[in-house]
Amino acid sequence: MISFLKLFAVTIAAQLVMAAAFVSPNSHSTAYRPLVQVHEEVNSVTVTCSPPSATRLNMAAAAPAPAKKKEKKVTDENDTQDEQEKDRGWLVRLYNDPMNKREFVAMCLMEVCGLDDGASYTIMMKAHQAGLAVIGNYHRELAEMYKTRLSGEGLLIDMVPADDE
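Trainee: So what exactly am I meant to see when it comes to the overall build of the protein here?
Mentor: In terms of regular secondary structure, the protein is built from five helices and five strands. When each of the 165 residues of the protein is scored for burial, the buried share is 20%. Counted over contacts in the protein with a minimum sequence separation of 6, partners at least 24 positions apart contribute 62%. In the form shown here, the protein has an accessible surface area of approximately 13,300 Å², with 57% of it arising from carbon and sulfur atoms.

Trainee: Explain the environment of Gly-136 here, please?
Mentor: Mapped onto the secondary structure, Gly-136 falls in strand β4 (residues 132–138). Expressed as a C-alpha distance, the spacing of Gly-136 and Arg-93, which sit 43 residues apart in the sequence, is 7.5 Å. With sequence-adjacent residues up to four places away left out, Gly-136 is seen in contact with Trp-90, Leu-91 and Val-92.

Trainee: Mind showing me how you'd approach the sheet that holds strand β3 (residues 90–95) here?
Mentor: Pairing within the open sheet is antiparallel, and its three strands lie in the order β4-β3-β5. At either end of the open sheet lies a strand with only one pairing partner, and these are β4 and β5 (156–161). Between one strand and the next, the sheet's axes are offset by a mean angle of 25°, whatever the strand orientation. With six bridges joining them, β3 and β4 adopt antiparallel strand pairing. Residue pairing in the sheet places Leu-94 in a bridge with Ala-133 of β4. Along the sheet, helix α4 (residues 117–130) contacts β3 and β4; its crossing angle with β4, the most-contacted strand, is approximately 140°. Relative to β5, helix α5 (residues 140–152) is tilted by about 165°, and along the sheet it contacts β3, β4 and β5.

Trainee: What exactly am I supposed to notice about α4 here?
Mentor: Since the α-helix turns once every 3.6 residues, residues separated by three or four places project in the same direction. With 14 residues, α4 ought to run about 20 Å at 1.5 Å a step, and its terminal C-alpha atoms sit 20 Å apart, in line with that. Within α4, the full set of buried residues consists of Ser-120, Ile-123, Met-124, Met-125 and Ala-127. Directly after α4, the chain includes Gly-131, whose backbone phi takes a positive value near 95°.

Trainee: What is the right way to look at the pattern of salt bridges in this model?
Mentor: Oppositely charged side chains are able to pair whenever their charged atoms sit close together. Per the counting criterion, the structure on display carries two salt bridges. A salt bridge links Asp-158 to Arg-93, with the shortest nitrogen-to-oxygen separation between them at 2.8 Å. On the criterion of sequence distance, the pair formed by Asp-158 in strand β5 and Arg-93 in strand β3 is long-range, its members being 65 residues apart. Look at Asp-158 and you get buried, because its relative accessible area is 18%. Here Glu-144 makes a salt bridge to Arg-140, at a shortest N to O gap of 3.0 Å. Here Arg-140 and Glu-144 lie together in helix α5, a separation of four residues that amounts to about one turn. Residue class for Glu-144 comes out partly exposed when judged on its relative accessible area of 33%.

Trainee: How should helix α3 (residues 102–113) be read in this particular structure?
Mentor: With 12 residues, α3 ought to run about 16 Å at 1.5 Å a step, and its terminal C-alpha atoms sit 16 Å apart, in line with that. Those residues of α3 not exposed but buried are Val-105, Ala-106, Cys-108, Leu-109, Val-112 and Cys-113. Projected down its long axis, α3 shows its buried positions confined to an angular sector of 155°, all on one face. Pointing more than 90 degrees away from the buried face of α3 are the exposed residues Glu-103 and Glu-111. Tucked into the core, α3 has its buried residues touching β3, α4, β4 and α5. Backbone geometry just downstream of α3 places Gly-114 in the positive-phi region, at approximately 75°.

Conventions we followed
- Residues numbered from 1 in each chain as written.
- Predicted model: local features only at pLDDT ≥ 70, side-chain atom pairs only at ≥ 80, totals over all residues.
- Heavy atoms only, no water.
- Helix = DSSP H or I, 4+ residues; strand = E, 2+ residues; numbered from the N terminus.
- Buried < 20%, exposed > 50% of the residue type's maximum accessible area, 1.4 Å probe, protein only.
- Contact = heavy atoms within 4.5 Å.
- Areas by Shrake-Rupley, 256 points an atom, 1.4 Å probe, with all protein chains shown as cover.
- Pairing = 2+ DSSP bridges.
- Axes fitted to C-alpha atoms, helices over the stretch in contact; angles between N-to-C directions.
- Expected span 1.5 Å × (residues − 1).
- Salt bridge = Lys/Arg side-chain N within 4 Å of Asp/Glu carboxyl O.
- Arc of directions from axis to C-beta.

Written out as structure tokens, the structure reads:
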């Protein structure tokens, strides 16, 4: 027990020596900033520099930002079409490939996409028989994530914008 306490005391002392080696006694942290006083009625900023002390920390303050003007947004037909494309989502599609076993494909669909075993088996069989199956219609970010993760498992996946048809 005594040797443990000695070892502990030596470890603490070594850590303190290492910490002191990286901090210069004359250097100051970036928390010591010049004191800034803002006068609103004149719209001027006065900077007074005071020496840093151990008891007082000064924060830097910025002058108030000018008020922003409100802008009207003009909508075109193209903007509404882009928004409608976003609303329709993205189709994540699975292609049949001879490399992966059907059970593995179904397991990947369950783990990555969170489908139940029946839905993943149905999608896998549709891709196996028809050559192509739609996994689902998702928002762009989610569709990209599914595509990346399923492709990482070795499946043939792509994503396309969903059409109205």
